[in-house]
Structure formats: structure tokens, C-alpha cells
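# Observations on the three-dimensional arrangement
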Amino acid sequence: MGKKVLIIGGVAAGASAAARLRRMDENAEIIMFERGEYISFANCGLPYFVGGVINKRNSLLVQTPRSMKNRFAIDVRIRQEVKRILAAENKVVVFDYVKNEEYQESYDYLVLCPGSTPIMPDLPGISLPNVFQVRNVPDSDIIKAYIETHQPSDAVVIGGGFIGLEMAEMLQAAGLKVHLVEAGSQVMQPLDPEMAAFLHRHLREKEVDLHLVSRVVALEGEDLAQVVRLENGQLITTDLVVMGMGVRPETDLAREAGLEIGAKGILVNEYLQTSDPHIYAAGDAIQVQDLISGEAAWLPLAGPANRQGWVVANNIAGTPRKFRGTQGTSIVKVMDMVAATTGQNAKNLTRLGVDFLSCHVHPFSHATYYPGARQMCIKLLFTPGEGRVLGAQIVGSEGVDKRIDVLATAIRSGLSVFDLQELELAYAPPFSSAKDPVNMTAYVAGNILDHQVEVVYWQDVPVKVQQGAFLIDARTPSETTSGMAEGAYNLPVDEIRNRLDEIPKDREILIYCQVGLRSYVASRILKQRGYRVKNISGGYRLYDALTHQ
């Protein structure tokens, strides 16, 4: 008989560890404990089942206890919860909810994959029957059944993270009027504020009632939550409430077993071993290292969780593998818009005291002469000097996913913006442009690093104008009819050489166009004529998003 391995938790990391371990070791005895009814389900797909985008419930079930038994010879014990770890004895105490009895099971190795648990604040009314969370298949069943049975008209989603945004979209798709309440100043915290502004405007255009900087203090009603009370005194009437305030790592079992716990989760080494050499941990419950900053991090994402389960299995099987950290690559669909991030954002880099530069570019998903091209906004963050890529954010629709994946690969490989300029990416008019959006963004970043252009950001413009800077709108007069930045002077780029006498040489010049390309050309013209000029990153398109979000 081979080694005996117990796995606590049967979703992403746990199921990945079990399947990989069997492929590595046919003789191992593998037992998986799952307190719920389901293993290896696609929890990222739960909102889409509620909204009817995924029609077949079984589509969410990647594996079942029977399929794991038949294919991998794994003993899957559902409705059984590990209550205690007796680390000194290499045993666990298990409660069987079906038999209503407790028993002990020994192990050679134990793998902790307890995951995370939804944040449920201590609010009045939080336990009312029409207040829901979205963690597992039964949760989605309950919400879907409630909508079908009670036919609610209004829903309040509390929290503007991934689950909150997806649930807002799906509840609206199910025919409800959606109110999205977020305590912070923006949705989707991995985005920087100016990038989140695109989402804010889009949500409101899609008739989602968005409440930012709004903290919920109570859910009011006798038998059901009928009113959501905000800290500012505002009342929102509702027929159901979905809690989407995020999750926290489940560390109680590990803590009670005497394992070391960090500020972000269960402490593990690079081999995902806990402070007990016979116990490994993976998934949402562990503290990891940020790939870029080296800081302790907690990133509950499905991709890293599956990878971690794979790493643990290799290490137990005697083929050592390291987990080298995570960079937080993520993507979310919000109605007709997509937002994606990878690496660090400006907020974190500023907090860490890291010197960085950034640029905003608005390329199209493919050649504009081919029908259906859609514009996106890419923000790239990079180091001064060598231009190593630190992070990227993209908001758009078509083509966002493949560009963020290229940029995520660049970060993982330590590439610079100059390396990105040289990437040879697939091109045909239906799919891209001869200069892919990744190449274009890298050229813009390279111009900054090569001092071909100096940039300034919209948040700094008002102060500079107040200090005497001269603000130029380089678009055509017809374009300015839809709006201009406050205090701007219209001077089209194609006329600028013949109208230099209108531009003061003793003042700093700030210039913008719609997306930044024409103002870059104008900046080059003026710079070579001795003007102190800066191009405003992101152009009027970004300004418009910021002022009309």
C-alpha cells in the first residue's frame, strides 16, 4: 500500500490535487472530504446559472464523486466535514452529516483546501430569508428558485467586486431592476479609479442604479428584507438582496491545529508546505507572495488555486515543484463591457513607494476598416529606465481577454515595453491590426521612456492650469461640439504649424486630442520648436469617462 493522503475540500485546489496525485501515484490511498454535496463545481459560473445564461445545472459540475471514483479511484466523502486536525497523531476528526456520527482517519499527508467564505457583516436583517449569498451550487439553486417562485421586481446587490458585478448583470438579465451598492469610491478594486470610471458610466447607461461611497447599515422588514438603509440615510426598496462583499480565507481549522497563520491566510513555503511538514495547503485559504512586489498577498482566484493543487500533488508524489507567486490576472464581464487586470495597479505601487510610469492607449480590437471593430482602453504601468512591465488594465469589449493574457505573460517573463514592441502577434483584419494593441501600447510607453514625449495625467491638469499652464484641445472644431475640457483652447493638430503665434512660449503647454495620437503628433511639433509641452495621457475619451461616470 502506498502513502495515504487526505484532502480537505473538493472544489478547485482540492480536486486538482486529487486528480494530479492519482496520475502521479497509482498506489496512493486518496480520500477527499467535502462538507457540501458537490465537488469540483464551477463556482465562477454560479451567477450565470442564476441569470439563465447557463441553462443546464449539470454543466457546472466538472466532476462528481462517482466520476472521481471511477476514473481516479479516489474515495470522495461528501457531507462529511473535518472538524479537527490532530497533527501530533497524524489524524483528523471527521463528522459524517448523513450518519450523524464522528470518526477519526489517519494520514501520511494532509492537504488543506478549505477555500474561502463569503463576508456576511453583522447587519440588522442579514438573516432574513430573501437575503442571499453566492458560494456554491445550492446557493444558486435557492436564488434561481426564489426568482421563479416570487417573481421579484427589484434587487439590491451589496458589493461591487467580481461576484457583485456578475450578479448585477445576471439579475438584470432575469428581469429585475438592479441597485448596486458599493461602500468604496469605485467598483472592481484592482482597477485604478480612471479605469473604473468606464464601468461606472456603462452600468448607469445600462440602467443599473449605482450607489458609490454608500455603506449599508441595515436591512429592514418584518418577514422579508424590504428596505436597504444606507449610512447617508437613503432608503432603497427591494424584493431580494444578494451579498457580494467578497470573501475571506477559511483558516479556523488550520489555526486550531496550531499551524502558522499569516496576515493574509495560512502560511506556506514555496512548496506549499505549512509549518507542519506533513500538511500542505492550497487555494483560497493560503497566503501567497505577490510576483511583482514580493509582498504577502491573498488572491482568491480559480487559476492559481488549480495550479497550487497541481504543485502540492507533485511535491507529495516526490517530484518537487515550486509555486512562484501570483500576479492577480483577472477578468470580468459587465453587461456589454469587459474589464481585465494583471500585475500591480497604480494605487498599490504608490502605497509601496515604487517608482513607475504609466500610459493610456485607446486602440481598436481589430482593423477599423473591417466591420465590428471595438475600442478599448489599455493602461500600462512600467518602470522608468528599463521599462519592465509592472501591471496592466484593460476596459473594452472584444479582444480584451487575449491582450491581457499577452501582458500577463510579459509580466511573468519579466519583459519590458521594448520587448513588447517586438512581439510578432497574429494579424488579419478580422482579428487585429498590423500593429496589435499590445504593440501600440508598448510604442507609446517607449516614447515616454525615450523622452520623445512627456505625459501628464488628468488628475494633475486642473492644478497645472491654475498655475498658468496653457491647455490645448487638438481635435477638429466639429469634435469639440460634444464637449471640451474646462479651460481648453481649440487648436486642431493640422493647423498648429500655421498658428504658432497663438501658443504662448513662456507657459507650459498641455495638449490633448480624442485618444492621444494627434496630441502626440502636436507635442512632437511643439517640442522641436522649443515649447515646454506635455501630452495628456488618455485624451478626451478618458476625460469624458472621468467627468460623466
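Residues numbered from 1 in each chain as written. Predicted model: local features only at pLDDT ≥ 70, side-chain atom pairs only at ≥ 80, totals over all residues. Heavy atoms only, no water.

## Topic: the overall build of the protein chain
Where we set the bar: Helix numbering and strand numbering both begin at the N terminus, where a helix is a DSSP run of H or I of at least 4 residues and a strand a DSSP run of E of at least 2. For a compact globule the rule gives 2.2 Å times the number of residues to the power 0.38, and the radius of gyration it is set against comes from C-alpha atoms. Only protein chains enter the accessibility calculation, which uses a 1.4 Å probe; a residue whose area is less than 20% of its type maximum is buried, one above 50% is exposed, and one in between is partly exposed. By the convention used here, residues are in contact when the closest approach between their heavy atoms is within 4.5 Å. Values of accessible area rely on a 1.4 Å probe in the Shrake-Rupley scheme; residue burial ignores everything except the protein chains shown. Working convention for charge: Lys and Arg count positive, Asp and Glu count negative, and His plus the chain ends are omitted. Charge placement uses NZ in Lys and CZ in Arg. For Asp and Glu, CG and CD serve respectively.
A count of helical and extended segments in the protein chain gives 16 helices and 30 strands. Compactness check: the protein chain gives a C-alpha radius of gyration of 27 Å against a globular reference of 24 Å for 549 residues, within 12% of the reference. If you line up the protein chain on its principal axes, its C-alpha atoms span 90 × 55 × 45 Å. Across the 549 residues of the protein chain, 54% fall into the buried class. In the protein chain, once contacts between residues fewer than 6 apart in sequence are set aside, the share between residues at least 24 apart is 63%. Accessible surface, the protein chain: about 24,100 Å² in total, of which carbon and sulfur atoms supply 48%. For the protein chain, the distance from the average site of its 55 positive side-chain charges to the average site of its 63 negative ones is 4 Å.

## Describing the pattern of salt bridges
Selection rule: One speaks of a salt bridge when a side-chain nitrogen belonging to Lys or Arg is within 4 Å of a carboxyl oxygen belonging to Asp or Glu.
In total, this model carries 24 salt bridges according to the counting rule given. Residue R77 is joined to D75 by a salt bridge in which the shortest nitrogen-to-oxygen separation is 2.9 Å. Under the relative-accessibility criterion, R77 is labelled buried at 17%. In this structure, E169 and K333 form a salt bridge, with 2.4 Å as the shortest nitrogen-oxygen distance. Of this pair, E169 sits in helix α5 (residues 162–173) while K333 sits in strand β21 (residues 330–334), and the two are 164 residues apart along the sequence. For E169, a relative accessible area of 8% translates into the label buried. The partly exposed category is assigned to K333, whose relative accessible area is 36%.

## Digging into the sheet that holds strand β29 (residues 509–512)
Rules: Any two strands with at least two DSSP-identified bridges between them are counted as paired. Helix axes are fitted to C-alpha atoms over the stretch in contact, other axes to C-alpha atoms as well, and angles between N-to-C directions run from 0 to 180 degrees.
Here five strands make up an open sheet; going across it, the order is β26-β30-β29-β27-β28 and the pairing parallel. The strands lining the two open edges of the sheet, one partner per strand, are β26 (455–456) and β28 (489–490). In the sheet, strand β27 (residues 470–473) pairs with β29 via four bridges, with the strands oriented parallel. Across the sheet, the residue bridging to D473 is Y512, located in β29. Of the strands in this sheet, β29 and β30 (533–536) touch helix α15 (residues 517–527), which is tilted by about 175° from β30.

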